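# Structure at a glance
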Amino acid sequence: MTNNIVYLVSGTAALNKESAYKHINSLKGTKKDRPLRAHHSAKEPIRKKEDYDAFCDYFLTRGKYRNYLLFVLGIELGVLRSCDLLKLRIADVFDGRNCRDVIYGVIEQKTNKRKNIYITKKAQEAIMLYLSHRKYKSLNEPLFLSQKGNQLSTRQARDILNKAAKEIGISYPVAMHTLRKTWGYHTLLNHKNDNMALIDVMRSYKHTSPEVTLRYIGYEEDHRRALSMDFEVGRTPYWNMLS
């Protein structure tokens, strides 16, 4: 008899039913037994351009240029995890006069490896817009500052996106992870049938296979949905099509 699978409330690990309940009971009375928050359930990318535009309009019309930059860079520089994105300094993207084209030697927190990050034109425009409204004394200051003058935390970034999503009527959970998935989703959407593009995205995410990447960015679900919607009983048999 197959064991039932239970997904833990504070993670994505799957255990058999008996082990899961033992783990959940061990968490009672700790901060880890809280319900899922937005970043735990942010499984899908932003697929629709109108949703993307709605986020941009929301931040820009309110003069929230830092939050707009956070949203844009979270997608445009989606090869970076949120912890690495939030650690960027002004000098990483701006030389004092112009926006840089490349961020050299970013050390990934998770892997401790270096990688070069290419700054797209859209990202450069968002950076310059933000810095034109930002007061700073040194290029060594964090790019993303909290209201208290500290580096913006991942929790604060998540709350900014989650609040915006609710305000503009987005029905699905949105967090920093959503933005990273959005980069991969639209990169492959713009490079259909390009195997090298899939390999590049897979390597950027540090995934072990293309299948993992397609599932991660929501492409697998899109394909399954398309197959289901295309289903039709009574369609011309294959052998008749050959005659």
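Description of the structure in this document. All of these numbers come straight from a predicted model, not from anything done at the bench. Along each chain, residue indices are assigned from 1 in the same order as the chain's sequence is written. Note on the predicted model: pLDDT of at least 70 is required for a residue's local features to be given, and 80 or more for side-chain atom pairs to be given and counted; whole-chain, interface and lining totals, by contrast, use all residues. Side-chain measures here rest on the full set of heavy atoms in the structure, leaving out hydrogens and waters.

## A word on the layout of surface pockets
The test is simple: Here a cavity means grid points, on a 1 Å grid over the protein atoms only, where a 1.4 Å probe fits yet cannot get out; a pocket means an open set of points with protein on both sides within 12 Å along at least five of seven lines; lining residues are those with an atom within 4 Å of a point. Grid points are joined across faces, edges and corners, and a volume is the space filled by probe spheres set on the points. Helix and strand definitions follow DSSP, with helices as H or I runs of at least four residues and strands as E runs of at least two, each counted in order from the N terminus. Residue polarity is assigned by list, with Asp, Glu, Lys and Arg as charged and Ala, Val, Leu, Ile, Met, Phe, Trp, Tyr, Cys and Pro as nonpolar; anything else, Gly included, falls into the polar class.
Reported here for the second largest pocket is a volume of approximately 560 Å³. Of all the secondary structure elements, the ones that give two or more residues to the lining of the second largest pocket are α3 (49–61), α4 (65–76) and α8 (154–167). At five residues, α8 tops the list of elements feeding residues into the lining of the second largest pocket. Residues of the lining of the second largest pocket, tallied by class, amount to eight nonpolar, six polar and eight charged.

## Side note on the packing of α3 against α8
Put simply, the test is: Comment: axis = line fitted to C-alpha atoms, over the contacting stretch for helices; angle = value between 0 and 180 degrees taken between N-to-C directions. For this classification, under 35 degrees means roughly parallel, over 145 means roughly antiparallel, 65 to 115 means roughly perpendicular, and everything else is oblique. Residue contacts are defined here by distance: any two heavy atoms, one from each residue, within 4.5 Å place the two residues in contact.
Their axes nearest at 10 Å, the elements α3 and α8 cross at an angle of 105°. Considering the angle they form, α3 stands roughly perpendicular to α8. Of the residues in α8, those touching α3 at Phe55, Tyr58 and Phe59 are Ile160, Leu161, Lys163, Ala164, Ala165 and Glu167. Grouping the constituent residues of the contact of α3 with α8 by class yields seven nonpolar, no polar and two charged.

## Considerations on the nonpolar core
The condition that has to hold: We call a set of buried residues a nonpolar core when its members are Ala, Val, Leu, Ile, Met, Phe, Trp, Tyr or Cys and they connect through side-chain atoms within 4.5 Å of each other. Classification of residues uses two cut-offs on accessible area relative to the type maximum, computed with a 1.4 Å probe and protein chains only: under 20% is buried, over 50% is exposed, and between them is partly exposed.
With 54 residues, the main nonpolar core has Phe55, Phe59, Phe71, Leu73, Leu143 and Phe144 as its most contacted residues. The set of elements that each furnish at least two residues to this core consists of α3, α4, α6 (90–93), β3 (102–107), α7 (121–132), α8, α9 (176–189) and α10 (195–205). Looking at this core element by element, the count peaks at seven residues for α4. In contact with Phe59, not counting residues within four places along its chain, are Lys64, Asn67, Tyr68, Phe71, Ile160, Leu161 and Ala164.

## Description of empty space enclosed by the protein
Applying the stated rule across the entire model yields one cavity of 30 Å³ or more. In this structure, the largest cavity spans a volume of roughly 40 Å³. Here the residues of the lining of the largest cavity are counted per class, giving five nonpolar, two polar and two charged.

## Quick look at the packing of α4 against α9
At their nearest, the axes of α4 and α9 sit 7 Å apart, and the two run at 45° to each other. As far as their axial angle goes, α9 and α4 are oblique. Across the interface between the two elements, Leu70, Phe71, Gly74, Ile75 and Glu76 from α4 touch Met176, Leu179, Arg180, Thr182 and Trp183 from α9.

## What about the pattern of salt bridges?
Formally: In what follows, salt bridge is the name for a side-chain nitrogen of Lys or Arg lying within 4 Å of a carboxyl oxygen of Asp or Glu.
A complete count under the given rule lists seven salt bridges for this structure. Close ionic contact of Asp53 with Lys49 constitutes a salt bridge, the shortest N to O distance being 2.9 Å. Of this pair, Asp53 and Lys49 both sit in helix α3, separated by four residues, roughly a single helical turn. Lys49 sits in the exposed class, given a relative accessible area of 56%. A salt bridge links Arg81 to Glu108; the shortest N-O distance between them is 3.7 Å. Separated by 27 residues along the polypeptide, Arg81 in the loop between α4 and α5 (82–85) and Glu108 in the loop between β3 and β4 (114–118) bring together distant segments of the chain. Each of Arg81, Glu108, Lys115 and Lys206 takes part in a single network of salt bridges with overlapping partners.

## Here we look at the pairing of β3
Worth spelling out the cut-off: The criterion for strand pairing is that DSSP finds at least two bridges linking the strands in question.
Taken together, the four bridges between β3 and β4 define a ladder with antiparallel strand orientation. What sits directly across from Ile103, in β4, is Ile117. Linking β3 back to β4 in an antiparallel pair, the connection comprises six residues, with Asn112 at a positive phi of about 65°.

Purely spatial values, then, with no claim about function.
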